[in-house]
Amino acid sequence: MTHRVLLALALACLVLAGCTSGPVRRVSEPAASIQQLTVAADGSWSVELRLQNYSSVPMRFDSLTLDVRIGDQAAGKLLHQPALTVGPESADVVSVTMRPDAGARMVLADALASRRGVDYALEGSIDAAPADRGSSRSYRILRKSALSPMPGLPGVLR
């Protein structure tokens, strides 16, 4: 009798184990934000762009096209092909250089000179896909936030 109970219990465990399908694959929309903006001596900007992967699987970031606004001024486009894989539920940073429009340069120079923060907006798209899949999908990005000058780091906002 004991052997039959143990055999039935073992069989039930095997049947239940066969029902599992492994971890859930959740693919979520990525996000982008400016982690740091550095103004160079020639007026160009180095933008440290934080790419956030909210998915439960690694995501491959193929390209991005983002319009940048500083205050109420259009600054220009960030165009980049990072070819970067970001692990599940984590982020990584890419550096993109841009030549901003004159109006945005003035707004940022004024903010730096007066040691005050400035609002920014990113709008556009990021092409990304799960790392183990071939074709990427375009995700719409809209991010509004603010940057503040960093004490002791001239020309740097975070």
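Basis of the calculations
For every chain, the first residue of its written sequence is number 1, and the numbers climb from 1 along that sequence. Under the rules for a predicted model, residues below a pLDDT of 70 receive no local features and side-chain atom pairs below 80 are neither given nor counted, while totals for whole chains, interfaces and linings still include all residues. Derived side-chain values reflect all non-hydrogen atoms in the structure, with water molecules and hydrogen atoms excluded from consideration. Strands are runs of DSSP state E lasting at least two residues, helices are runs of H or I lasting at least four, and both sets are numbered from the N terminus onward. Burial status follows relative accessibility: with a 1.4 Å probe on protein chains alone, a residue under 20% of its type maximum counts as buried, one over 50% as exposed, and anything between as partly exposed. Should any heavy atoms of two residues lie within 4.5 Å, those residues are counted as being in contact. Only the protein chains shown count as cover for residues, with accessible areas throughout obtained via the Shrake-Rupley method and a probe of 1.4 Å. For this analysis, a polar contact is any N or O atom pair within 3.5 Å, provided that within protein one partner can donate a hydrogen and the other can accept it, and provided that sequence-adjacent residues contribute only side-chain to side-chain pairs. Each salt bridge in this description consists of a side-chain nitrogen of Lys or Arg and a carboxyl oxygen of Asp or Glu lying within 4 Å of one another. Nonpolar cores were defined as sets of buried Ala, Val, Leu, Ile, Met, Phe, Trp, Tyr and Cys residues, with membership established by side-chain atoms within 4.5 Å. Should DSSP find at least two bridges between two strands, the strands are taken to pair.

Visitor: Talk me through the overall build of the chain; I want residue IDs and the actual numbers.
Guide: For the chain, the count of helices and strands is two helices and nine strands. Reading the chain from its N end, one meets helices and strands in the order α-β-β-β-β-β-β-α-β-β-β. With 158 residues in all, the chain has 34% of them scored as buried. Counted over contacts in the chain with a minimum sequence separation of 6, partners at least 24 positions apart contribute 65%. For the chain, the computed accessible surface area is about 9200 Å², with 56% contributed by carbon and sulfur atoms.

Visitor: Give me the environment of alanine 129: which residues, what numbers.
Guide: Within the secondary structure layout, alanine 129 lies in strand E7 (residues 118–130). Along the primary structure alanine 129 and proline 58 are separated by 71 residues, whereas in three dimensions their C-alpha atoms are 8.7 Å apart. Setting aside residues no more than four positions away along its own chain, alanine 129 makes contact with Pro58, Met59, Arg60, Ser135 and Ser136.

Visitor: Which residues make up the side chain of asparagine 53, and what values go with them?
Guide: Mapped onto the elements, asparagine 53 comes out in strand E2 (residues 45–53). In terms of polar contacts, asparagine 53 uses its side chain to reach the backbone amide nitrogen of serine 55, at 2.8 Å. Polar side-chain contacts of asparagine 53 include one of 2.9 Å to the backbone oxygen of glycine 87. If we skip the residues at most four places from it in the chain, asparagine 53 touches Pro58, Met59, Phe61, Val86, Gly87, Pro88, Glu89 and Ser90.

Visitor: If you had to explain the pattern of salt bridges to someone new, which residues and values would you point to?
Guide: Under the definition given, this model contains seven salt bridges. Across the salt bridge formed by arginine 99 and aspartate 42, the nearest N and O atoms sit 3.1 Å from each other. Placement of the pair is arginine 99 in the loop between strand E6 (90–98) and helix H2 (102–113) and aspartate 42 in the loop between strand E1 (31–39) and E2, with a sequence separation of 57 residues. Under the relative-accessibility criterion, arginine 99 is labelled exposed at 56%. The closest approach of N and O atoms between glutamate 123 and arginine 140, which form a salt bridge, is 2.7 Å. Separated by 17 residues along the polypeptide, glutamate 123 in strand E7 and arginine 140 in strand E8 (residues 137–147) bring together distant segments of the chain. Since its relative accessible area comes to 37%, glutamate 123 is described here as partly exposed. Arginine 140 sits in the exposed class, given a relative accessible area of 56%.

Visitor: Which residues make up the nonpolar core, and what are the values?
Guide: In this structure, Leu37, Trp45, Leu49, Leu51, Ile70 and Leu78 are the most contacted members of the largest nonpolar core, which totals 34 residues. Broken down by element, this core gets its largest block of residues, six residues, from strand E3 (residues 59–70). Contacts of leucine 49, omitting those with residues within four sequence positions, involve Ser33, Ile34, Leu64, Leu66, Leu78, Asp92, Val93, Val94 and Leu122.

Visitor: Which residues make up the sheet that holds E2, and what values do they have?
Guide: Judged by pairing direction, the sheet is antiparallel, and its four strands sit side by side in the order E6-E2-E1-E9 without closing on themselves. Two strands lie at the open edges of the sheet, namely E6 and strand E9 (156–157), each paired on one side alone. In terms of strand pairing, E1 meets E9 through two bridges, oriented antiparallel. In the strand pairing of E9, threonine 38 is matched with valine 156.

Visitor: If you had to explain unusual backbone geometry to someone new, which residues and values would you point to?
Guide: We note that alanine 83 has phi near 45 degrees; this positive angle belongs to a residue other than glycine. Relative to the assigned elements, alanine 83 resides in the loop between strand E4 (73–80) and strand E5 (84–86). Even without being glycine, glutamate 89 reaches a positive phi, approximately 50 degrees. Mapped onto the secondary structure, glutamate 89 falls in the loop between E5 and E6. By relative accessible area, which is 54% here, glutamate 89 ends up exposed.

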